[in-house]
Amino acid sequence: MGNKAENSDTKDAQNKTALDDAWAIRPCHLYKDEYDDCTSFKARFHQYFIFGQDSDCSQWLTDYKNCERYHQSNGNDVASGAAVIKSEEKRRQTRLRAHFANNTWEKRKQPPADWAQPLPEWLEKRNENTYLELKQKELSGLSVPQDEKGSLCAIM
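Note that the structure is a prediction, hence the values are computed from the model and not measured. (Residues numbered from 1 in each chain as written. Predicted model: local features only at pLDDT ≥ 70, side-chain atom pairs only at ≥ 80, totals over all residues. Heavy atoms only, no water.)

**Notes on the overall build of the chain**
Secondary structure assignment for the chain yields 7 helices and 0 strands. Secondary structure elements of the chain occur, N-terminal to C-terminal, as α-α-α-α-α-α-α. With 156 residues in all, the chain has 16% of them scored as buried. Sequence separation of at least 24 residues holds for 54% of the intrachain contacts in the chain that already meet a minimum separation of 6. If you sum the accessible surface of the chain, you get close to 13,500 Å²; carbon and sulfur atoms cover 54% of it. (Helix = DSSP H or I, 4+ residues; strand = E, 2+ residues; numbered from the N terminus. Buried < 20%, exposed > 50% of the residue type's maximum accessible area, 1.4 Å probe, protein only. Contact = heavy atoms within 4.5 Å. Areas by Shrake-Rupley, 256 points an atom, 1.4 Å probe, with all protein chains shown as cover.)

**Some points on the state of the cysteines**
Applying the stated rule across the entire model yields 2 disulfides. Numbered by position along the chain, the disulfide-linked cysteines of the chain connect as 1-4, 2-3. (Disulfide = S-S within 2.5 Å.)

**A word on unusual backbone geometry**
Non-glycine residue N74 carries a positive phi angle of around 55°. Of note, the phi angle at N129 is positive, near 60°, even though the residue is not glycine. Within the secondary structure, N129 is located in the loop between α6 (121–127) and α7 (131–140).

**Things to note about the packing of helix α2 (residues 28–38) against helix α4 (residues 58–72)**
Interaxial distance between α2 and α4 falls to 8 Å at its minimum, and their mutual angle equals 160°. Regarding the angle of α2 to α4, the classification is roughly antiparallel. Crossing angle aside, the handedness with which α2 passes α4 is left-handed. Facing C28, Y31, K32, E34, Y35 and C38 of α2, the residues of α4 in contact are W60, L61, D63, Y64, C67, E68 and H71. A class-by-class count of the residues in the contact of α2 with α4 yields 8 nonpolar, 1 polar and 4 charged. (Axes fitted to C-alpha atoms, helices over the stretch in contact; angles between N-to-C directions. Parallel < 35°, antiparallel > 145°, perpendicular 65-115°, else oblique. Left-handed = near helix turned anticlockwise from the far one by under 90°. Nonpolar A, V, L, I, M, F, W, Y, C, P; charged D, E, K, R; others polar.)

**Comments concerning the nonpolar core**
L19, I25, C28, Y31, C38, C57, W60, C67, Y70, V78, V84 and I85 form the largest nonpolar core, which has 12 residues in total. Sorting the residues of this core by element identifies α2, α4 and α5 (78–101) as the ones contributing at least two each. In contact with V84, not counting residues within four places along its chain, are I25, Y31, D63, N66 and C67. (Core = buried A, V, L, I, M, F, W, Y, C linked by side-chain atoms within 4.5 Å.)

**Comments concerning the packing of aromatic side chains**
On inspection of all chains with the given rule, the structure shows 1 aromatic pair. Pairing Y31 with W60 gives two aromatic rings, centres 6.4 Å apart and planes at 40°, and the pair type is tilted. With a gap of 29 residues between them, Y31 in helix α2 and W60 in helix α4 connect regions that are remote in the sequence. The aromatic ring of Y64 is capped on one face by K32, whose charged end is 5.9 Å from the ring centroid. The positively charged end of R91 is found above the aromatic ring belonging to W60, 3.8 Å away from the centroid. (Phe/Tyr/Trp six-rings, centres within 6.5 Å; stacked < 30°, edge-to-face > 60°. Lys NZ or Arg CZ within 6 Å of the ring centre and 35° of its normal.)

**Quick word on the packing of α4 against α5**
Contact pair α4 / α5: the axes reach a minimum separation of 8 Å and the direction vectors enclose 145°. Regarding α4 and α5, the two cross each other, and that crossing is left-handed. From α4, Q59, W60, D63, N66, C67, R69 and Y70 reach across to α5, where they touch S80, G81, A83, V84, S87 and R91. Each residue belonging to the contact of α4 with α5 can be placed in one class, and the counts come to 5 nonpolar, 5 polar and 3 charged.

This is the structure in C-alpha cells:
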C-alpha cells in the first residue's frame, strides 16, 4: 500500500516538474487562428511577395492539435504539452535571435541613477497648460484653476 502512494506521489511530481512552463501554452483557439491566417490567400500572397515561396504553416496546426490533446486530457498528456512548450520556446528564440546577436548597444543591468529626476525647466515650461498636464492634475487630485476648466476646443 505504501508503494502505491509513493508511485502516485512520484507521478504527480513528474507531471508538475515536466510542465513548469505550462503558462507558455496559449489558448488553443489562437493556434488555430494563426494557422488559418498563415494559410489564407492574403498571407500566401504576402509570403510569396516577401520570401518568394509559401511559408510552412504546419507547425501551427501541430501546435493546435497538441494543445487540444493536452487540454482535453486535463493536463495529463504531458508529451503533448511539452511539445507545445518546446515549439513556443523555438518560436521565441527565432523571434529574439536578432536581439541577442546585436552587439552594437551595451545592455544595462539597471536603469541609470538619474532616471527619475525632474524635467528640465524649459521642458516644464513647454508643458504648462497642455491637455496632458491638466489631465495629470485631475488624476492626481490637484485642483485645476477655475479659468482652465473651460472648453479646450477652439472653433474658427
